[in-house]
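In case you want the letters, here they are:
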Amino acid sequence: MAEPVAAGAVRSLARLTKQLHSSLDLSPLTNPRTGCVRLPASAHRSGTCSTPVLPDPDGDPNEALAALSLGATMLDLRRLSKHLTMMLTVLNTAGTTEPTPQPKPRTPRKSPRLEVLTGPTIVETRAPAIRCNLEDDPRHAALHAALSTPIRPRDDHSGPAFSALLRMAANGWRTDDVLSAARTAPALEYLRTGRYGGTGRVQRPDIDRFALRQWDRALAAWNRWTQKHPCRGRAETTTDKGGRFRAHQIQHAAGTDPTQWSGNAGVHRRCVLDALCLIAWETGRTEFDIDQRRLALTAGVTQPTASRALSWLRENGWITRVDTCRGTRSDRYRLDLPAVEVRTESQGVPAPDPLLGTRLHQTLLHARHDLWTSAGLGGACGATHRALLSGHHSTSSLSQATGLPAATVTRHLRLLQDLGLVTRCGRAVKKVVSAMAAAAVKLGVAGVIEARQRLYTAESLMWEWWQRELAWRRAPRSRKPVRAEHPLPLLRGRFPTGKDGRADFAGALGRVLASLSRAVALAA
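One structure accompanies this document, and this report is about it. Per chain, residue numbering runs from 1 following the sequence as it is written. Local features in this predicted model are restricted to residues of pLDDT 70 or higher, and side-chain atom pairs are both shown and tallied only at a pLDDT of 80 or more, whereas totals for entire chains, interfaces and linings draw on every residue. To obtain the side-chain values, all non-hydrogen atoms of the structure were used and water was disregarded.

### A short note on the overall build of the chain
We count a stretch as a helix when DSSP gives it H or I for four or more residues in a row; a strand needs E for two or more, and each element gets its number in order from the N terminus. A tally of regular secondary structure across the chain gives 19 helices and five strands. Out of the 524 residues in the chain, the part that is buried amounts to 38%. Only heavy atoms matter for contacts: two residues are in contact if any of them lie within 4.5 Å across the pair. Considering only intrachain contacts with a sequence separation of at least 6, the fraction spanning at least 24 residues in the chain is 65%. Roughly 29700 Å² of accessible area belongs to the chain as shown, and the carbon and sulfur atoms make up 54% of that amount. Any residue under 20% of the maximum accessible area for its type is buried, any over 50% is exposed, and the rest in between are partly exposed; the area is computed with a 1.4 Å probe on protein chains only. Only the protein chains shown count as cover for residues, and the accessible areas themselves come from Shrake-Rupley with a 1.4 Å probe.

As structure tokens, this is what we get:
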């Protein structure tokens, strides 16, 4: 070169030459600090040596090499760049009437996702009471070992006790089991006694009441944590005993024929099945017991609908009822794989999807929104909206994903567009949560799920009250149970009866609802 040239200009020229001569090595030319030109006859990385391209193959190479010593200017490089660009244009447009413009890459539009919805994984009425056989669970054994560890008199007693209660909440302990452990477990000494002096302990006047108050605090803390971290709840530390693999199998089998889940009844059955699969994923077990009210709240349906869905699932081989309810204990179910034709992979059985629990959680959060309780929409319209959010946009694709007729899908899209959930071009709006909340307020169904949860909680407490009343009536006069052991003052008294002496369940339910309303008002 007769004059210095910028590294950027050499890099551009080298890349143009590379497009015409693929054997050109760009590494020495594109290095801005140590760049150089490979000399003729120097070693090449392909194993040969650099050979100059002569205009005349029979000419003298020395004459071509002598031209390199003349030096080139920046003007020569610009002419060479234009010449190479013209040659590339001719080669790319050979055989066409005009140069083909390069299409601009289209940025795919990001569809709104269900991850914006938040809420608990399993909706509870009182306490997380998902029961399963935990004798062979190492975490359960570790918790029992921690509860059996005594605390030295001078050490802190409140911290280990609350930590144990949090672990009990994470493992799904019932209130009765917590009270039993509070009376005997050495690690829960803080629930039985208080510090007196330096190392002394004095017994508390009402052990059960204090233990239940601490248990409620632990439950509230655990529920707040699971709401902030919906993907890092109990399922993250669960030892899989076949529950996750069975949930994956059932979801794969249920997706083979979408028509069996079409209509409002089919959508409700699928939601109940998804809720059962989510419980299996959370617990890692194929057998567990859960009452119909908590299952209905988790699946976004009513308790009678959940009962009918469970009956249908039992008749079609999806679940089996292992044990029936007794007293305050709920039914025990086992997930089964029905005899359906499922396409398997050619390389074997695929591994369970690690995000299956998250997808089920988000699907059920969408299904139990207040909006779908409206009589004009229903669960089928909610299924269409979920399919739309999942990436299905055309009517045929939505119909295939939901199993609904095309006319029904079109009507659902029109309803969703009127409510502001779908744009004119058939796409879901970006702000899904605010749009769904505004639509629920517009239809007058805002707060329906919360009221249903409060009703089911009152019904569960009323049934517990009646069971306590029966236990008190059946006990001998000399061994009547103490009524002041329940944290709810209402349940410490006698169950209301009518003038004829029969139990007044309606009056008891009204009194429990009023007591819960007062408790909510005081908490607010």
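### Section: the pattern of salt bridges
Pairing between side chains becomes possible if they bear opposite charge and their charged atoms approach one another. By definition here, a salt bridge exists when the distance from a side-chain nitrogen of Lys or Arg to a carboxyl oxygen of Asp or Glu is within 4 Å. What the rule picks out here adds up to 11 salt bridges. The residue glutamate 287 makes a salt bridge to arginine 334 at a minimum N-O spacing of 3.7 Å. Remark: arginine 334 occurs in strand E5 (residues 332-335) and glutamate 287 occurs in strand E3 (residues 287-289); sequence separation between them is 47 residues. Residues glutamate 469 and arginine 473 are paired through a salt bridge, measuring 2.9 Å at the closest nitrogen-oxygen approach.

### Observations concerning the sheet that holds E3
Spatially, three strands are ordered E3-E5-E4 in an open sheet, and the strand pairing comes out antiparallel. The open sheet has two edge strands with one neighbour each: E3 and strand E4 (319-323). Recorded for the sheet is a direction-independent mean angle of 35° between the axes of neighbouring strands. DSSP-based pairing: two strands are paired if at least 2 bridges between them are found. One ladder, built from three bridges, connects E3 with E5; its direction is antiparallel. Opposite glutamate 287, over in E5, you have arginine 334 as the bridge partner. Each axis is a line fitted through C-alpha atoms, and for a helix only the stretch in contact is used; angles between axes span 0 to 180 degrees, taken between their N-to-C directions.

### Considering helix H13 (residues 356-367)
Given the number of residues in a helix, its expected span is that number minus one, multiplied by 1.5 Å. Spanning 12 residues, H13 covers 16 Å between terminal C-alpha atoms, matching the ideal 16 Å at 1.5 Å per step. Within H13, nine of the 12 residues are buried, which leaves the element mostly enclosed by the surrounding structure. Within H13 the residues assigned to the buried category are Leu356, Gly357, Leu360, His361, Gln362, Leu364, Leu365, His366 and Ala367.

### Examining the environment of serine 262
One can find serine 262 in the loop between helix H9 (243-254) and helix H10 (263-283). Residue classification places serine 262 among the partly exposed positions, given a relative accessible area of 26%. Taking C-alpha positions, serine 262 is 6.3 Å from threonine 402, a pair spaced 140 residues apart along the chain. Ignoring anything within four residues of it in the chain, the contact list for serine 262 reads Val267, Thr402, Gly403 and Leu404. Polar contact criterion, stated in full: a pair of N or O atoms within 3.5 Å, where within protein one must be able to donate a hydrogen and the other to accept it, and residues adjacent in sequence count only if both atoms are side-chain atoms. In this structure the side chain of serine 262 is engaged in a polar contact, spanning 2.7 Å, whose partner is the backbone oxygen of threonine 259.

### Regarding the nonpolar core
Residues Val272, Leu273, Leu276, Leu295, Leu313 and Trp318 are the most contacted members of the largest nonpolar core, which totals 38 residues. Elements with a minimum of two residues in this core: H9, H10, helix H11 (292-299), helix H12 (303-315), E5 and H13. Not counting the four nearest positions on each side in its chain, leucine 276 is found in contact with Phe288, Leu295, Leu310, Leu313, Ile319 and Leu335. Membership of the second largest hydrophobic core comes to 24 residues, among which are Trp372, Leu421, Ala440 and Val445. What we call a nonpolar core is a set of buried Ala, Val, Leu, Ile, Met, Phe, Trp, Tyr and Cys residues that are connected through their side-chain atoms within 4.5 Å.

### Here we look at H9
An ideal rise of 1.5 Å per residue puts 16 Å on 12 residues; H9 measures up with 16 Å between its terminal C-alpha atoms. When we look at burial in H9, the residues that qualify are Gly243, Arg244, Ala247, His248, Ile250, Gln251, Ala253 and Ala254. Against the buried residues of H9 lie H10, E5 and H13.

### Some details on the packing of aromatic side chains
Pairing of aromatic rings covers Phe, Tyr and the six-membered ring of Trp, with a centre-to-centre limit of 6.5 Å; geometry is then stacked below 30 degrees between planes, edge-to-face above 60, and tilted otherwise. What the rule picks out here adds up to seven aromatic pairs. Here tyrosine 190 and phenylalanine 210 contribute two aromatic rings whose centre-to-centre distance is 5.6 Å and whose plane-to-plane angle is 65°, an arrangement assigned as edge-to-face. Taken as a pair, tyrosine 190 in helix H7 (residues 189-192) and phenylalanine 210 in helix H8 (residues 207-228) lie far apart in primary sequence, 20 residues in all. Using a relative accessible area of 11% as the deciding quantity, one classes phenylalanine 210 as buried. Among the aromatic residues, those joined into a cluster by ring pairs are Trp465, Trp466, Phe495 and Phe505. Arginine 204 extends its terminal NZ or CZ atom over the ring of tyrosine 190, reaching a point 4.8 Å from the ring centre. Criterion for a charge above a ring: Arg CZ or Lys NZ at most 6 Å from the ring centre, at most 35 degrees from the ring normal.

### A short note on the packing of H10 against H12
At a closest axis distance of 9 Å, the pairing of H10 and H12 adopts a crossing angle of 80°. In this view, H10 runs roughly perpendicular relative to H12, as classed from their interaxial angle. The residues of H12 that touch H10, namely those facing His268, Arg269, Val272, Leu273 and Leu276, are Thr305, Ala306, Ala309, Leu310, Trp312 and Leu313. Of the residues belonging to the contact of H10 with H12, the class tally is eight nonpolar, two polar and one charged. Orientation categories follow fixed angle ranges, with anything under 35 degrees roughly parallel, anything over 145 roughly antiparallel, 65 to 115 roughly perpendicular, and all other angles oblique. Residues are grouped as follows: Ala, Val, Leu, Ile, Met, Phe, Trp, Tyr, Cys and Pro are nonpolar; Asp, Glu, Lys and Arg are charged; all remaining types, including Gly, are polar.

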